[in-house]
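# Summary of the model geometry
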Amino acid sequence: MANLREGRLPAGSSTARARIYSPSGTLLNLNLKTFENKEIFCVEIEDKPKNEFRILYHDVTRGRVPTVDSMKKLIDDLAYYKLNFLQFYMEHAYPFKEMYGTLDKSNCLLPEEIRELDEYCRENFIDFVPSLATCGHMYDILNVPQNTYLREVDNYEPKYTFWYERMLHHTINPTHPESLDFVKSLIDQYIENFASEYVNICGDEPFDLARGPRKQTGVDVDGIYFDFMKKVIDHIKSRGKKVMMWADQVFLDNPERTAQLPEDIIMLCWGYDSVPPEDRVRKLDGTNFKKLVSPSTCNFYRLIENPRISEKNIQTMAQYGLKYGAGGMMNTNWGDYGHACSLELSMFGIVVGAQKSWNFENAVDDELKKAINLLVYKNDKGCEYLFRASAVHERANYCLFVRYYSNLLHKWEIPWTKYPEEEKLREAPTEAKALVEELSSQKWERDEFRLELISAVEGSAVIAELFAEHMGIELERWTNTEKWLKNYRTLWLKRNKESELFRIEELFRHMEEMPPQNKIFTYYGPEQCGTNYGDTANEGL
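What counts as what
Residues numbered from 1 in each chain as written. Predicted model: local features only at pLDDT ≥ 70, side-chain atom pairs only at ≥ 80, totals over all residues. Heavy atoms only, no water. Axes fitted to C-alpha atoms, helices over the stretch in contact; angles between N-to-C directions. Helix = DSSP H or I, 4+ residues; strand = E, 2+ residues; numbered from the N terminus. Parallel < 35°, antiparallel > 145°, perpendicular 65-115°, else oblique. Contact = heavy atoms within 4.5 Å. Nonpolar A, V, L, I, M, F, W, Y, C, P; charged D, E, K, R; others polar. Salt bridge = Lys/Arg side-chain N within 4 Å of Asp/Glu carboxyl O. Expected span 1.5 Å × (residues − 1). Buried < 20%, exposed > 50% of the residue type's maximum accessible area, 1.4 Å probe, protein only. pLDDT = per-residue confidence, 0-100. Phe/Tyr/Trp six-rings, centres within 6.5 Å; stacked < 30°, edge-to-face > 60°. Lys NZ or Arg CZ within 6 Å of the ring centre and 35° of its normal.

To continue, consider the packing of helix 20 (residues 481-495) against helix 21 (residues 501-513). For the pair helix 20 and helix 21, the least separation of the axes is 11 Å and the interaxial angle reads 175°. Relative to helix 21, the element helix 20 lies roughly antiparallel. For the pair helix 20 and helix 21, the contacting residues are Thr481, Glu482, Trp484, Leu485, Tyr488, Arg489 and Trp492 in the first and Leu501, Ile504, Glu505, Phe508, Arg509 and Glu512 in the second. A per-class count over the contact of helix 20 with helix 21 returns seven nonpolar, one polar and five charged.

This is how it looks when you write it as structure tokens:
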């Protein structure tokens, strides 16, 4: 509670600043720029969060490595929307000695940059928590030639495009005598840049343990996984830190083993569909673990977030959190397939997550969207344009484009993929052109959002037209791939390092230059291919 009835706070004073952020940051929403060189009289605000943990989880490792300035702007936004934790998801985009000099400052975060952001977070009363893959999702670091001997899968040979392989075969061999020391070294190098008392060790999706030769020998792969992760947990605790990790399926399938883990672990219960699986939260009910629900902005695999899915997903996960006594929310902003979606086009989901993080019972309704228009986009139709742009992208989206490209180049077809119908391919460019023309005639106060919307919508048309060309569908083109890529690059470099931009450019250029393939792939799901690849659901892609 901030009580200013007994006195007054000069705007901009250190006392005002402390009161602004403590306890809740509510005064900041008054926008103190309105009161420059003035004093605020008789203000009494009572506002308290229902949830201790209000976290944004941002992927900085799988394509889009941000600049320090862009992350400071994000931290300003998080403070404004009363989030109190930030985590960067990290796999390899840091100069670990185990990367053997394969990275430079253009494609990784440097130690001094992380320390600068850590200090900036503390100045804004945000806990900056290190998050690092420690078992699964170690594809790039295990592909460094000096490290390949630590892979769980022997004689690994790629079958699909790079981005899909990165999501499939990425598990360290937990029984190799050097694996634990390897992971400990990564942890020790990384966490020294953070002041936080927490470390997120991830530990999710060790797919290769269930796919490799161990499966055929009948070895207890779950037991191997638990033994390894307990040693990683012990190492974190020996450093005086508290552990967070994903409540992956292996924990839910092994309640007795899970119960043997230290009870002060914070379990992160994730689910990204409009109706995410309730079991991931329910099965931890009655345990002593503190649990957080973890929804998504639904920006992954896309040029633009999917607000239609994310608002349902975030609200449903909040309901689970309320029902099962979660201690808060960690809203994820992932970067699968090169992180093609900009941060600007993830902000709707970030703000909806902030609304539900503060109080699981907060409404997500038309009034909130009006507030997002006012505070985020600075345009009274910002949300409407976002939903329209996302609908265009759903007709011929980036995820399906990447998978189609992979199938053209490789003899192995990616399973569980629904390819766009001819009708949708014809609708997408027409709808995109009309929306681009409408947005191009405008100017917004925060014009970076409008420019990113135009880029994503035009990119959706490029995808539809290239799809049609290679599927043998006659379609008049209005886009120019190279012109679009040039603009996409300009927007990317305003807020990000070069990172893996080249991969996205190669994808589009190759599809543009390749002779028409006249090939349509037929969808087949798990019922046809008879296997579970742990693949993300296609909903909303």
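This is not the end of the story, as more comes after the structure.
A word on the environment of Thr67. Here Thr67 is to be found in the loop between strand 5 (53-59) and helix 2 (68-80). Sequence spacing of Thr67 and Leu493 is 426 residues, and the spatial spacing of their C-alpha atoms is 8.9 Å. Not counting the four nearest positions on each side in its chain, Thr67 is found in contact with Arg495, Asn496 and Lys497.

Moving on, we come to the pattern of salt bridges. Overall, the coordinates contain 37 salt bridges when judged by the stated rule. One salt bridge connects Glu116 with Lys72, and the closest N-O pair in it is separated by 2.7 Å. In this pair, Glu116 sits in helix 3 (residues 111-123) while Lys72 sits in helix 2, placing the two residues 44 residues apart along the sequence. Measuring nitrogen to oxygen at the nearest pair gives 2.7 Å for the salt bridge that ties Glu427 to Arg395. Here Arg395 lies in helix 16 (residues 382-395) and Glu427 lies in helix 18 (residues 422-440), a separation of 32 residues in the sequence. One network of salt bridges, in which partners are shared, links Asp59, Arg62, Glu91 and Asp336.

Of note, His137 is a non-glycine position whose phi angle comes to about 55°, a positive value. Structurally, the position occupied by His137 is in the loop between strand 7 (127-132) and helix 4 (139-143). Here Asn518, not a glycine, exhibits a phi torsion of approximately 50°, which is positive. With respect to the element layout, Asn518 can be found in the loop between helix 21 and helix 22 (526-529).

This part takes up helix 19 (residues 447-470). Helix length check: helix 19, at 24 residues, gives a terminal C-alpha distance of 35 Å against a target of 34 Å (1.5 Å per residue), a fit within 8%. Summarising burial for helix 19: 21 of the 24 residues are buried, a large majority.

On average, residues of the chain score 89 in pLDDT, and 88% of them reach the 70 mark or higher. Low pLDDT (under 50) marks residues 1-25, which in the prediction has 47 contacts with non-local residues, meaning those over four places away or in another chain.

This brings us to the environment of Thr297. Within the fold, Thr297 resides in the loop between strand 11 (290-294) and helix 13 (307-324). Distance in space between the C-alpha atoms of Thr297 and Asn313 is 8.6 Å, their sequence separation being 16 residues. Residues in contact with Thr297, not counting those within four places in the same chain, are Glu305, Asn306, Ser310, Asn331, Thr332, Asn333, Ser346, Gly349 and Ile350.

Another point: the packing of aromatic side chains. Applying the stated criterion across every chain, the model contains 38 aromatic pairs. When the ring of Trp246 is compared with that of Trp334, the centres are 5.9 Å apart and the planes differ by 40°; the resulting orientation is tilted. Separated by 88 residues along the polypeptide, Trp246 in strand 9 (residues 242-246) and Trp334 in the loop between strand 12 (328-333) and helix 14 (347-358) bring together distant segments of the chain. For the residue pair Trp246 and Trp334, the accessibility class agrees, reading buried in each case. Members of the aromatic cluster, joined through ring pairs, are Tyr57, Tyr89, Trp246, Trp270, Tyr272, Phe300, Tyr301, Trp334 and Tyr337. If you follow Arg503 out to its NZ or CZ, it ends over the ring of Phe162, 3.7 Å from the centre.

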